[in-house]
Amino acid sequence: MAMPPSISASVAAADMRRLGNAEPLEPYPGRARDPWMCRHIPCNQIIYPNRNNVMNGQGACIWCAPNAPKNPEAAAAAMLEHGFIVLVDFLGTGKPWLSQCVEAGHIVAPRYDNVTDRAGGCRFCKRYGPGDPYEAVADMRAVGFRPLEPFKNISSPWLSLCERCQKTSSPRLNNVRNRGACCQHCARYGLDPGAPARVYILSHAEYGAVKIGITRLRTREDRVARFQSHGWVPFAQIQFATGAEAYRVEQKVIKLLRAEGHPVFLRDAQMPVGGYKETFDAAQISVGRLLALAEAER
């Protein structure tokens, strides 16, 4: 069988400029199917087309493809508008994009075009919530809660009565399904909304992480000390007259930072004491900023 004639590097580069409107940034790799680092002239993005696709008229730039954003920042902003915090670099409109669902914190990998063009949402939220209200009530009753208001969704506070301590609280169904019984009044490390409490801010040098959290002001077992035994270093603590106020400040700070695009930083396995969902990358969020945000919400 006759081998196809080889293409000189100069001809290949000329074809990339003419047909792909792209300027090569490295020597021709020698094979038409190999990725070739180029700069797309119209949008100035670094791209990796292969000559075979360009010669077949498929286009060189993933950012300038139909329905695609012109840069990764625009893509990430569009994902956030549709309820996802992206966790890795953008690979193209049709590629799975590792992200975190803002609504419930699920880690998923939706495609950009599905999310933006077809209103695709979090597959776990679609599967587990809001879901069937009767199933939601059954799950709450199974762990000892009696809901006192209609079901909204898995991530909204749900006013309920704890059958054990006969006090009301507002657990989230997502937490109940993941953690089981989590009454803030009778749990071992629960928070009494009417009792004094504190917001604490910690850092972990080995993990490169920071954390915000809340705990009761007076308790026989110090939650902050338990974190210290696992390498966390206290930075600051703010006292509040009630647990409800401390909880409001903590949740406000977390919501602000998640909206800025800062996802959960550590995994559950790295936090034997719990609290991984309140962690952030210390390279992006400092303990000083956490404290400033908490102070601003007092």
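Just above sits the structure.
Since the model is a prediction, treat every value here as computed from it, not as a measurement.

Trainee: Just checking my understanding: could you explain the overall build of the chain for this structure?
Mentor: A count of helices and strands for the chain gives 10 helices and 13 strands. Expressed as a percentage of its 298 residues, the buried residues of the chain come to 39%. With the model as given, the accessible surface of the chain reaches about 16,400 Å², and the carbon-plus-sulfur share is 52%.

Trainee: Please explain the nonpolar core as it appears in this structure.
Mentor: Nonpolar side chains in soluble globular proteins tend to end up buried together. Counting residues in each nonpolar core, the largest one holds 36 residues, and the members touching the most others are Trp36, Ile47, Met79, Phe84, Trp97, Tyr112 and Leu173. Mapped by element, the contributors of at least two residues to this core are helix 1 (9-20), helix 3 (72-81), strand 4 (84-86), helix 4 (112-117), helix 6 (133-142) and helix 7 (173-179). The residues touching Trp97, leaving out its near neighbours within four places in the chain, are Pro72, Ala75, Ala76, Met79, Val86, Val88, Asp89, Phe90, Val108, Ala109, Pro110 and Tyr112. Judged by nonpolar contacts, the second largest core, of 19 residues, contains Ile201, Val210, Val287 and Leu290.

Trainee: Sorry, what's going on with the sheet that holds strand 7 (residues 145-147) here?
Mentor: Sheets are built from strands paired through backbone hydrogen bonds, the pairs being either parallel or antiparallel. Taken in spatial order, the three strands of this open sheet run 7-8-9, and their pairing is antiparallel. Of all strands in the sheet, those with a lone pairing partner are strand 7 and strand 9 (168-169), marking the two edges. In the packing of helix 6 onto the sheet, the strands contacted are strand 7 and strand 8 (160-162), and the crossing angle to strand 7 comes to about 145 degrees.

Trainee: Just checking my understanding: could you explain the packing of aromatic side chains for this structure?
Mentor: Aromatic ring pairs: the centre-centre distance and the angle between the two ring planes describe each pair. Evaluation of the coordinates by the stated rule reveals six aromatic pairs. Their ring planes at 80 degrees and their centres at 6.3 Å tell us that Phe227 and Trp232 sit as a pair that is edge-to-face. An aromatic cluster is defined as three or more aromatic residues linked by ring pairs; in this entry it consists of Phe90, Trp97 and Tyr112. Sitting over the ring of Phe240, Arg298 keeps its end group 5.2 Å from the ring centre.

Trainee: I'm lost on the pattern of salt bridges in this one. Help?
Mentor: One side chain can pair with another of opposite charge once the charged atoms of both are near each other. In total, this model carries 10 salt bridges according to the counting rule given. Of the charged contacts, one joins Glu295 and Arg298 as a salt bridge, the two residues approaching to 3.5 Å between their closest N and O atoms. Residues joined by salt bridges that share partners form a network here, namely Asp15, Arg18 and Arg51.

Trainee: Just to check I follow, could you spell out the sheet that holds strand 3 (residues 46-47) for this structure?
Mentor: Taken in spatial order, the three strands make up an open sheet running 1-2-3, and their pairing is antiparallel. Each of the sheet's edge strands pairs with one partner strand only, and the pair in question is strand 1 (22-24) and strand 3. Here strand 1 pairs with strand 2 (residues 38-40) via three bridges, running antiparallel. Within the sheet, the bridge partner assigned to Glu23 lies in strand 2 and is Arg39. Packing of helix 1 onto the sheet brings it into contact with strand 1 and strand 2, and relative to strand 1 it is tilted by some 160 degrees.

Trainee: Could you clarify how one ought to interpret helix 3 in this entry?
Mentor: Note on helix geometry: an α-helix contains 3.6 residues per turn, so any two residues three or four positions apart are oriented the same way. Every buried residue of helix 3 is listed here: Ala75, Ala78 and Met79. For helix 3, the angular spread of buried residues about the axis comes to 100 degrees, placing them on one side. Turned more than 90 degrees off the buried face of helix 3, the exposed positions are Glu73 and Glu81. Elements in contact with the buried residues of helix 3: strand 4, strand 5 (99-101) and helix 4. Backbone geometry just after helix 3 places Gly83 at a positive phi near 100 degrees.

Trainee: So what exactly am I meant to see when it comes to the side chain of His204 here?
Mentor: Its location among the elements puts His204 in strand 10 (residues 197-204). For His204, the side chain forms a polar contact with the main-chain oxygen of His230, separated by 3.0 Å. In contact with His204, not counting residues within four places along its chain, are Ala209, His230, Gly231 and Trp232.

Trainee: Would you explain the side chain of Gln270 in this entry?
Mentor: Checked against the element boundaries, Gln270 lands in the loop between helix 9 (243-259) and strand 13 (279-281). Among the polar contacts made by the side chain of Gln270, one reaches the main-chain amide nitrogen of Arg267 at a distance of 2.9 Å.

What counts as what
- Residues numbered from 1 in each chain as written.
- Predicted model: local features only at pLDDT ≥ 70, side-chain atom pairs only at ≥ 80, totals over all residues.
- Heavy atoms only, no water.
- Helix = DSSP H or I, 4+ residues; strand = E, 2+ residues; numbered from the N terminus.
- Buried < 20%, exposed > 50% of the residue type's maximum accessible area, 1.4 Å probe, protein only.
- Areas by Shrake-Rupley, 256 points an atom, 1.4 Å probe, with all protein chains shown as cover.
- Core = buried A, V, L, I, M, F, W, Y, C linked by side-chain atoms within 4.5 Å.
- Contact = heavy atoms within 4.5 Å.
- Pairing = 2+ DSSP bridges.
- Axes fitted to C-alpha atoms, helices over the stretch in contact; angles between N-to-C directions.
- Phe/Tyr/Trp six-rings, centres within 6.5 Å; stacked < 30°, edge-to-face > 60°.
- Lys NZ or Arg CZ within 6 Å of the ring centre and 35° of its normal.
- Salt bridge = Lys/Arg side-chain N within 4 Å of Asp/Glu carboxyl O.
- Arc of directions from axis to C-beta.
- Polar contact = N/O pair within 3.5 Å; in protein donor to acceptor, adjacent residues only side chain to side chain.

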